[in-house]
Amino acid sequence: MALTAGIVGLPNVGKSTLFNAITNSRVLAENYPFATISPNVGVVEVPDVRMDEIVKLFDPKKTIYTTFEFTDIAGLVKGASKGEGLGNQFLANIRQTDAIVHVVRCFDDANIEHVEGSVDPVRDIEEINLELCLADLDTVENRIGKIARKAQTKEKDAIIEYDTLMKLKPALEAGTPVRLADLTEKDQEVLKNYSLLTNKPVIYVANMSDEEIGDPDSNPYYTAVRQLADAEGSECIAICAKIEEELSGMDKEDKQMFLDDLGIKSSGLDQIIQAAYHLLGLRTFFTVGKPECRAWTFREGMLAPQCAGIIHTDFERGFIRAEIYSYDDLMEYKTEASLKEHGKIRLEGKEYAMKDGDIVFFRFNV
């Protein structure tokens, strides 16, 4: 599932440091022999304690976690919507992503200059949102010019599209992102193929100092960003990008000890990965055995044959049935023999909608 989140932010907010942490955490290439990773794309494992527990029970020769992609988006300056700086590259790159990770600076440091001369994360967010709204407005106005004549001829689909665009135009002119505009499901259906920048879901990442990360609520910058995110219905995650870069070079044990010393439950990068993964409606199923235990990504709502096809197209083409049990049941009964004895292994057919945490064996015939 090649879904990706784009990391955006103004200069000197910690965006590059965060991306360095992501690229240092890349998965081993040997598990993904057909993947060509471009310099501005980082592929990371999705942390999942369930896989850790599964591995303890099966002791496989090989363990493969599911993955997620992050794209480092070219830096933004005022006027990006009009092509200023690397504006055209910025807009082209972000258009190809599925979600936005918006990094904002929430620390004071006289040695690191802020592009606007002062630290104000809410202002920074509004600045980028405005540039994205202006770019979307340009897209909408161009389309209105092309569809208006068709709408005047009473062509039904053209009228629906025209009405949606005319409803959206004043919202964008007012600097309101598409995702926050008052649109119906039918409007959203019309806009589905537009790849509008402000229609993408957003996670705000508040980058703060290593002294404050243990108690982010004491940081007034973070509080302001969190309040903005809450008002939008978006998520806000506090990180220290400098610490994340240090953590990315450690093994799991050292990493956990370091986090424990700081009084932090999980790294900011792990939180961002999991948040982006779930924001896009992604879920995980597992295949298990002595040779290999593996996590697989699927979209919520996918049926068993479609999920079989994620492993191999032949599995979907020749799908017969799926033998399934839940992760929770495995943790209770510990072995497949005990699961079978207690009637916890189910046979599911072509209409079964896969659930997060399903452990599955697909039967097929081609």
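Note that the structure is a prediction, hence the values are computed from the model and not measured.

### Details of the packing of helix α4 (residues 121-152) against helix α7 (residues 220-232)
Part 1 of the reasoning: Packing of α4 against α7 leaves a shortest axis separation of 8 Å and a crossing angle of 45 degrees. Judged by the inter-axis angle, α4 sits oblique to α7. Across the interface between the two elements, P121, V122, I125 and N129 of α4 pack against Y221, A224, V225, L228 and E232 of α7.
Part 2 of the reasoning: Considered class by class, the residues forming the contact of α4 with α7 number 7 nonpolar, 1 polar and 1 charged.

### Focus on the nonpolar core
Part 1 of the reasoning: In this structure, I7, F68, F70 and I272 are the most contacted members of the largest nonpolar core, which totals 57 residues.
Part 2 of the reasoning: In terms of nonpolar packing, the next biggest core, distinct from the first, is built from 16 residues, C133, I144, L165 and L168 among them.

### With respect to unusual backbone geometry
Part 1 of the reasoning: At S195, a position not held by glycine, the phi torsion is positive, near 50 degrees.
Part 2 of the reasoning: Along the chain, the position of S195 falls in the loop between α6 (185-191) and β6 (202-207).
Part 3 of the reasoning: By relative accessible area, S195 is classed as partly exposed at 34%.
Part 4 of the reasoning: Backbone geometry at K334 places phi at a positive 75 degrees, although glycine is not the residue there.

### What about the sheet that holds strand β4 (residues 67-72)?
Each strand in a sheet pairs with another by means of backbone hydrogen bonds, the pair being arranged parallel or else antiparallel.
Part 1 of the reasoning: Judged by pairing direction, the sheet is mixed, and its 6 strands sit side by side in the order β2-β4-β1-β5-β6-β7 without closing on themselves. Only two strands of the sheet have a single neighbouring strand rather than two, namely β2 (41-45) and β7 (235-239). Averaged over neighbouring strand pairs, the angle between their axes works out to 25 degrees when direction is ignored.
Part 2 of the reasoning: Where β6 and β7 come together, 5 bridges link them in parallel fashion. Each residue of the ladder has a partner; that of N207, found in β7, is I239.

### Concerning helix α10 (residues 268-279)
In an α-helix there are 3.6 residues to a turn, and that puts residues three or four apart on one side.
Part 1 of the reasoning: For α10, which comprises 12 residues, the first-to-last C-alpha distance of 16 Å matches the rise-based estimate of 16 Å (1.5 Å per residue) to within 8%.
Part 2 of the reasoning: Those residues of α10 that sit buried are G268, L269, D270, I272, I273, A275, A276 and Y277.
Part 3 of the reasoning: The first or second residue beyond α10 is G281, which carries a positive phi of 70 degrees.

### Some words on the packing of aromatic side chains
Part 1 of the reasoning: Per the stated rule, a full pass over the model turns up 6 aromatic pairs.
Part 2 of the reasoning: Aromatic pair F285 and F298: ring centres 5.9 Å apart, planes at 45 degrees, arrangement tilted. Of this pair, F285 sits in strand β8 (residues 282-287) while F298 sits in strand β9 (residues 292-299), placing them 13 residues apart in sequence.
Part 3 of the reasoning: Through successive ring pairs, a cluster of aromatic residues spans F285, W296, F298, F319 and F362.
Part 4 of the reasoning: Positioned above the aromatic ring of W296, the side-chain terminus of R294 is 4.2 Å from the ring centre.

### Thoughts on the packing of α4 against helix α5 (residues 156-173)
Part 1 of the reasoning: Two elements in contact, α4 and α5, have axes separated by 9 Å at closest approach and are oriented at 150 degrees. Classified by the angle their axes make, α4 and α5 are roughly antiparallel. Here α4 runs over α5; the crossing is left-handed. Together, C133, D136, L137, V140, E141, R143, I144, I147, A148, K150 and A151 of α4 and A158, I159, E161, Y162, L165, M166, L168, K169, L172 and E173 of α5 make up the contact between the two elements.
Part 2 of the reasoning: Residue classes in the contact of α4 with α5 are distributed as 14 nonpolar, no polar and 7 charged.

### Quick notes on the environment of I144
Part 1 of the reasoning: Relative to the assigned elements, I144 resides in helix α4.
Part 2 of the reasoning: Once the C-alpha coordinates of I144 and L165 are considered, the two residues, 21 residues apart in sequence, prove to be 6.7 Å apart.
Part 3 of the reasoning: Sequence-distant contacts of I144, that is, excluding residues within four places in its chain, are made with Y162, L165, M166 and K169.

What counts and what doesn't
Residues numbered from 1 in each chain as written. Predicted model: local features only at pLDDT ≥ 70, side-chain atom pairs only at ≥ 80, totals over all residues. Heavy atoms only, no water. Axes fitted to C-alpha atoms, helices over the stretch in contact; angles between N-to-C directions. Helix = DSSP H or I, 4+ residues; strand = E, 2+ residues; numbered from the N terminus. Parallel < 35°, antiparallel > 145°, perpendicular 65-115°, else oblique. Contact = heavy atoms within 4.5 Å. Nonpolar A, V, L, I, M, F, W, Y, C, P; charged D, E, K, R; others polar. Core = buried A, V, L, I, M, F, W, Y, C linked by side-chain atoms within 4.5 Å. Buried < 20%, exposed > 50% of the residue type's maximum accessible area, 1.4 Å probe, protein only. Pairing = 2+ DSSP bridges. Expected span 1.5 Å × (residues − 1). Phe/Tyr/Trp six-rings, centres within 6.5 Å; stacked < 30°, edge-to-face > 60°. Lys NZ or Arg CZ within 6 Å of the ring centre and 35° of its normal. Left-handed = near helix turned anticlockwise from the far one by under 90°.

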